Amino acid sequence: MCGRYYIDSDMEEGLQSLLVRIERQIRMSVDAGGDKEVPKRLIEGGRDIFPASVAPIVRVKEKKAGLESCTWGFPGFEKGQVLFNARSETVLDKERFRESVLKRRCLIPAAGFYEWSEKKEKYYFTLPEERRVLLMAGFYNAFAEGGHFIILTRQADDSVAGVHPRMPLILDEDAAVEWLQNDASILKLLKADAPRLKREKKGQLSLFD
C-alpha cells in the first residue's frame, strides 16, 4: 500500500520539465516549447500527504497538461471510509474504478513516500537521482465535493520488499507520458517494472510521527 508521501518545492523544476515534455510529445500545445508554470501554492514548503489531504496531480484536460488540486481518496462504501489505493493487478476488474482508469488517468508527483515494516520501523523511499520527481500512477474522478484521486499499487520489488509487500506503481518519465495519453498501453503500464529506489530508515513509529 501507499499511505503517506512527501512533496516539497524542490520538485518545481522537474515538474516544469515534465509538463513541457508531455505537451511537446503529444502535440497538445502550440507553445509547448516554452516554460510551463507550476503553481507554487500546490507544492510550496514541504509537507507530508495523508489520505483525505488535498494534493497536486498531473493530468491532461482540454488538450492541456497541468497540475490540479485533488483530494487523495475516493469516498468509500461506508460513512467516513476513504479508498486511497487500488491494486494494479485487479483494478480493471473493479466496476467502481474501471471507467476512471480507462478515461481519467493521472500522475501523482512526490519527492518520496513512506512505508512501515512489521516492526513499525519507518522508511522513506526516493529515486536515487537528485532533483528527480517520483511519479506514481493513479486515476481520478469528480464527486459532489470535488475531484478525488487514487494511487495504484503493485507487488514490491526487492528495493522495498524487505520493508513492505506492496509499493506504489511508479513510472519513469517515458512511461508516465504514455500513461496519460495512450489508452492502448494501459495493460502494459499496469505491469511496468519499478525503478530501483533508495531507502532511508527514519526510526520507530510513534503516535506523533
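Figured I'd write up the structure that's included with this text. For every chain, the first residue of the written sequence is number 1, and numbering continues from 1 onward in sequence order. Side-chain atom pairs in this predicted model are given and counted only at pLDDT of 80 or more, local residue features only at pLDDT of at least 70, and totals for whole chains, interfaces and linings cover all residues. Excluding hydrogens and water, the side-chain values take into account all heavy atoms of the structure.

## Structural notes on the nonpolar core
Here is step 1: Among the nonpolar cores identified, the biggest contains 68 residues, and Tyr5, Phe149 and Trp179 are the most heavily contacted of them.
Here is step 2: Only runs of H or I of at least four residues qualify as helices and only runs of E of at least two qualify as strands under DSSP, and these elements are numbered from the N terminus. No other element matches the six residues that strand 11 (residues 134-143) contributes to this core.
Here is step 3: Contact between two residues is taken to exist if any of their heavy atoms lie within 4.5 Å; hydrogens are not considered. Each residue touching Phe149, except ones within four places of it in the same chain, is listed here: Tyr5, Ala55, Ile57, Cys70, Thr71, Trp72, Gly73, Phe74, Cys106, Ile108, Phe139 and Tyr140. For the purposes of this section, nonpolar cores are sets of buried Ala, Val, Leu, Ile, Met, Phe, Trp, Tyr and Cys residues that join through side-chain atoms within 4.5 Å. Three exposure classes are used, based on accessible area relative to the maximum for each residue type with a 1.4 Å probe and protein chains only: buried under 20%, partly exposed in between, and exposed over 50%.

## Brief notes about the environment of Val160
Here is step 1: Inspection of the secondary structure assignment puts Val160 in the loop between strand 12 (146-155) and strand 13 (166-168).
Here is step 2: Not counting the four nearest positions on each side in its chain, Val160 is found in contact with Phe113, Phe125, Arg166, Met167, Leu197 and Arg199.

## So, the packing of aromatic side chains
Here is step 1: The pairing test for Phe, Tyr and Trp rings, Trp by its six-membered ring, is centres within 6.5 Å, and the orientation test on the planes gives stacked under 30 degrees, edge-to-face over 60, and tilted for anything in between. Across all of its chains, the model carries 11 aromatic pairs by this definition.
Here is step 2: With a centroid separation of 6.0 Å and 70° between ring planes, the pair formed by Phe74 and Phe97 is classed as edge-to-face. Placement of Phe74 in strand 5 (residues 74-75) and of Phe97 in helix 3 (residues 95-103) is noted, with a sequence separation of 23 residues between them.
Here is step 3: Since its relative accessible area comes to 1%, Phe74 is described here as buried.
Here is step 4: Linked through ring pairs, Tyr5, Trp72, Phe84 and Phe149 together constitute an aromatic cluster.
Here is step 5: Only when the NZ atom of a Lys or the CZ atom of an Arg is both within 6 Å of the ring centre and within 35 degrees of the ring normal do we say a charge sits over the ring. One Lys or Arg, Lys122, reaches over the ring of Tyr114 and ends 4.6 Å from the middle of that ring.

## Some points on unusual backbone geometry
Here is step 1: The backbone of Ala52 shows a phi angle near 80°, a positive value even though the residue is not glycine.
Here is step 2: Classification of Ala52 by relative accessible area gives partly exposed; the value is 49%.
Here is step 3: Residues other than glycine seldom take positive phi values, yet Lys120 does so here, at roughly 65°.
Here is step 4: Along the chain, Lys120 turns up in the loop between strand 9 (112-116) and strand 10 (121-126).
Here is step 5: Note on Lys120: relative accessible area 48%, which makes it partly exposed.

## Re the pattern of salt bridges
Here is step 1: We define a salt bridge as a side-chain nitrogen of Lys or Arg found within 4 Å of a carboxyl oxygen belonging to Asp or Glu. Scanning all chains against the criterion turns up 13 salt bridges.
Here is step 2: Salt-bridge contacts for Arg166 lead to Glu89; the nearest nitrogen and oxygen are separated by 2.9 Å. Residue Arg166 is located in strand 13, and its partner Glu89 is located in the loop between strand 7 (85-87) and helix 3; the two are separated by 77 residues in the primary sequence.
Here is step 3: Arg166 sits in the buried class, given a relative accessible area of 9%.

## Notes on the pairing of strand 8 (residues 105-110)
The side chains of a regular strand alternate, residue by residue, between the two faces of the sheet.
Here is step 1: Here strand 8 lies mainly inside the structure; six of its six residues are buried.
Here is step 2: Side chains Arg105, Leu107 and Pro109 of strand 8 all project onto a buried face; the interleaved residues Cys106, Ile108 and Ala110 project onto the opposite face, where all are buried too.
Here is step 3: Pairing between strands is defined by DSSP: at least two bridges between them are needed. Relative to strand 11, strand 8 runs antiparallel, the two sharing six bridges. When the sheet's bridge partners are listed, Ala110 is paired in strand 11 with Leu134.

## Structural notes on the pairing of strand 1 (residues 5-8)
Here is step 1: Where strand 1 meets strand 2 (residues 46-49), four bridges bridge the pair, whose relative direction is antiparallel. Bridging across to strand 2, Asp8 finds its partner in Gly46.
Here is step 2: Sheet topology note: the strand 1/strand 9 ladder contains two bridges and is antiparallel. Within strand 9, the residue paired with Tyr6 across the bridge is Gly112.

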